[in-house]
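So the chains spell out like this:
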Amino acid sequence: MPRLLPRRKRDTAAETPKLAPAGPPPEADNFLEVRGLTVHFPTDDGLVRSVDGVDFALRRGRTLGIVGESGSGKSVTSLAIMGLHGNTGARIGGEIWLDGQELVRSTPEQVRLMRGRRMAMIFQDPMSSMHPYYTVGHQIIEAYQVHNEVSGKQARTHAIDLLGRVGIPRPDRRVDDYPHQFSGGMRQRAMIAMALSCDPELLIADEPTTALDVTVQAQILDLIRDLQREFNSAVMMITHDLGVVAELADDVLVMYAGRAVEHGPSRTLFEQPRHPYTWGLLGSLTRLDRDRQERLMPIKGSPPSLISLPSGCAFRTRCPYADHNDGREKTEVPQLLEIEPGHRTACHLDIQERERIWTEDIRPRL
Amino acid sequence: MTEGARAGDDVKAAQAAEGAADSPDVRERDVLVRVRGLRKHFPIRSGVTRRRAGAVKAVDGLDFDIREGETLGLVGESGCGKSTTGRMVMRLLEPTEGTIEFGGRDITGLSRGQLRPLRRDFQMIFQDPQSSLNPRHTVGTIVGLPFRLQKVTPEGGIKKAVQELLELVGLSPEHYNRYPHEFSGGQRQRIGIARALALRPKLVVADEPVSALDVSIQAQVVNLLDDLQNEFGLTYLIIAHDLSVVRHTSDRVAVMYLGKIVEIADREDLYSSPKHPYTVALMSAVPVPDPARRETRERILLKGDVPSPMDPPPACRFHTRCWKVQDICKTQEPPLAEITGRHQVACHFPENVPAGEGGAVEVVELVKPGAAADVDAAAAGVAEASVTDVDASGAEAADADAGGPTDVAEPKDTPPTSAP
Ligand SMILES: Nc1ncnc2c1ncn2[C@@H]1O[C@H](COP(=O)(O)OP(=O)(O)OP(=O)(O)O)[C@@H](O)[C@H]1O
Ligand SMILES: Nc1ncnc2c1ncn2[C@@H]1O[C@H](COP(=O)(O)OP(=O)(O)O)[C@@H](O)[C@H]1O
Ligand code: SF4
Ligand code: SF4
Ligand SMILES: [Mg+2]
Ligand SMILES: [Mg+2]
């Protein structure tokens, strides 16, 4: 599937459907709660269902890992939470509650005011969120002054302090450098400094280390972990690297073709996964920590087009167990249901059968 | 200090015998590629006059062999010279210095014309399946190109041969008339592999063959490379920054840092007992997909960034970031020397050295009236050996040991670890 974006339709505003009234606010523990989130893009080729019904909750001080292949809707989900779809023509449905306020139904101005202090994001590509014509320091200072009434001098001191904390050597000098004068790893760290300038309560990190070497990645992950501890922030860590998830996340959400297929505590997801797609991801992994005795067990084929998803279970075209479902996989979208407290999966296959497959067929071959 | 001086001849012979006992088949196989003293310095020019202002020492003296049917993995961080090495082995790039032998023949000085008949024996797979395929050509044209370039007509014609190749790599013969943009990343990589295999090469150099792909697709391509190797007895040089992929695909692994090989060993040896501090740090930085281990795992955090290859640190290039650095590391370059059978390391104070073997080296070294610095180095190596022997974190115990009979520089520090 080519990753080219189909051209956007022009007259989308008129078609935007009315939002249903939001449900009751979530319990106070859930700093972030996403309910039935949908993000669709009308294009000339058809409606791209990038996110098609995702829900999860996240508390302060906790880290949620979101994994899935490229194009599964991870970034689109985070941009929806941040209110950054702007004029992309995105049609957003469902509810996003941040500390008791519903964002889908808020005005862009209201959401803008929450960015920075309430929530901040680290992007996949540091250059996309840094302006090449301004010094690194200038950009951090600006982000800081949006929410804090401080003098230029105080803001500068704060910026130098932050750069030092993210491990930039000689921050008092480097603060006046332009982004291109930084190495890839330093730019990523500077962007983290920018995202952290107002001690955000929710930090969304979208593949923050994908482009970096492992030694730099280790430094950055450490940094995120430390800062989370210090501020008790909620963190959403988006990645396709199951190693990063295992290292950082308390809970994991596995996405496939715009939907959540499995969600649960990190240990459970790695030790008792109950969705064939999650098995496929684990079966595909080359491992540093041990020799895999047998061949890898890849998932066959490639992800489907989001414009014409397979009916029923979107994974059925690649699922080795698709014919175990009496045809339901073709007619019914499997709902994300709780199979044990805190562990949800979206699959029609009988749960005892899934337990058996995992213990007998999959786990021994990993 | 030469290799011979470091390990006495007897020791070496014993090790050779041991290595042979381990894996007779690999050891006795013929060497297909032999690289000696390979260097590539890219001149940097500055100003309007384009005056030569220095050089990027991208590759700065490599020695390695690849045996027939074996896979050598080349790992290291971005910019350490992996691709430059691969391109020189392919003779796509002129070395500044050194020799490359292919099947016993020195191909370094060969002209384009002399090289042409040999070209079919070595082929390359590239990192980015998107940009390595001409978007205006059909799959048929792309995969059939090597036949046309080499003026080879396969039995049954080019079209039939191409369709067979497509099937071989898991595509369908009907894809013959399609264009690259109609395929997914994984499928495009398969097209690149089909093209590389067209002329049944002996050596395939694969530069980051899976790093642009999703994990599920990576696994498909890794399995495919594996199958093809078994079927055609291919020899691979696999270049990758991902240590897990290299562990899975390679028989032997070379670790590069700033243009040099710092460690080279058989796969099992390297992963079970890495000896160069850089290798140890690199491995400890890889996140492991096992949440149960995250509390107990020790990670070594390296300080700072990799220095510029224009102005690499003198002597041991890793000394600016190494937690074991001593004075000698800044003045004497550690040679790439064999410590145990087939395991070579370039470090004055290697990790994970079995006490027995380290001891043997020391005895040989100390009785010899050699240069004082050499003695220091070997002896300190022993001190270090006892460190690892006790416990990687038992710094005090190690200091006590080191202060004993040899009385040499003690290990300065334990690694700056972080256990979350
Ligand atoms: N044509 C060139 N001119 C000048 N410098 C170059 C040239 N090609 C490569 N270099 C430099 O040589 C060094 C090694 O580059 P090389 O591409 O071999 O790295 P690599 O190990 O393959 O890295 P990566 O993992 O990022 O692909 C780098 O510092 C690079 O910037
Ligand atoms: N502005 C847009 N218009 C149309 N399609 C889009 C747009 N943004 C993203 N998409 C599509 O939505 C899907 C999910 O994208 P994304 O969330 O970026 O994936 P990932 O999980 O890799 O982060 C992709 O198929 C992408 O092409
Ligand atoms: S519902 Fe059926 S096709 Fe879908 S994942 Fe479960 S077993 Fe596979
Ligand atoms: S111990 Fe010395 S020689 Fe070995 S890697 Fe460290 S600095 Fe280099
Ligand atoms: Mg993304
Ligand atoms: Mg490269």
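Treat the numbers as computed from the prediction; the structure is a model and nothing was measured. (Residues numbered from 1 in each chain as written. Chains lettered and ligands numbered in written order. Predicted model: local features only at pLDDT ≥ 70, side-chain atom pairs only at ≥ 80, totals over all residues. Heavy atoms only, no water.)

(A) Just the site of ligand 1, in detail. All names here are of chain B. As a structural note, the neighbourhood of ligand 1 is formed by Phe42, Val56, Ala58, Ser78, Gly79, Cys80, Gly81, Lys82, Ser83, Thr84 and Pro309. Contacts to ligand 1 include Gly79, whose backbone N or O atom sits 2.7 Å from an oxygen atom. Within the contact set of ligand 1, an oxygen atom lies 3.3 Å away from a backbone nitrogen or oxygen of Cys80. At the level of elements, β2 (51–67) and α4 (82–89) are the ones that each hand at least two residues to the shell around ligand 1. For the shell around ligand 1, a count of residues per class yields five nonpolar, five polar and one charged. (Near = heavy atom within 4 Å. Polar contact = N/O pair within 3.5 Å; in protein donor to acceptor, adjacent residues only side chain to side chain. Helix = DSSP H or I, 4+ residues; strand = E, 2+ residues; numbered from the N terminus. Nonpolar A, V, L, I, M, F, W, Y, C, P; charged D, E, K, R; others polar.)

(B) Structural context of the domain arrangement of chain B. Residues and elements named next belong to chain B. Domain parsing of chain B yields domain 1 (30–44 + 53–127 + 208–420) and domain 2 (134–200). With 20 residues of domain 1 at the interface, the matching set in domain 2 holds 14 residues. Between domain 1 and domain 2, a total of about 1,500 Å² is buried, with carbon and sulfur atoms accounting for 64% of that surface. On inspection of domain 1 and its partner domain 2, the count reaches zero salt bridges. Secondary structure elements with two or more residues in the side of domain 1 that touches domain 2: α5 (112–119), β6 (122–125) and α9 (215–232). With eight residues, α9 is the largest single contributor of residues to the side of domain 1 that touches domain 2. Here the residues of the side of domain 1 that touches domain 2 are counted per class, giving 13 nonpolar, three polar and four charged. (Domains from an automatic or database assignment. Contact = heavy atoms within 4.5 Å. Buried area = accessible area lost by both parts, 1.4 Å probe. Salt bridge = Lys/Arg side-chain N within 4 Å of Asp/Glu carboxyl O.)

(C) Region of the structure containing the nonpolar core. Core analysis: the largest hydrophobic core is formed by 69 residues, its most contacted members being Leu32, Phe56, Ile81, Met119, Leu202 and Met236 of chain A. At six residues, strand β1 (residues 30–43) of chain A tops the list of elements feeding residues into this core. Ignoring sequence-local partners within four residues, the contact set of Met119 of chain A consists of Ile81, Met82, Leu98, Leu103, Val111, Met114, Pro200 and Leu202 of chain A. Of all hydrophobic cores here, the second largest spans 39 residues; its members include Leu165, Leu199, Val221 and Val245 of chain B. (Core = buried A, V, L, I, M, F, W, Y, C linked by side-chain atoms within 4.5 Å. Buried < 20%, exposed > 50% of the residue type's maximum accessible area, 1.4 Å probe, protein only.)

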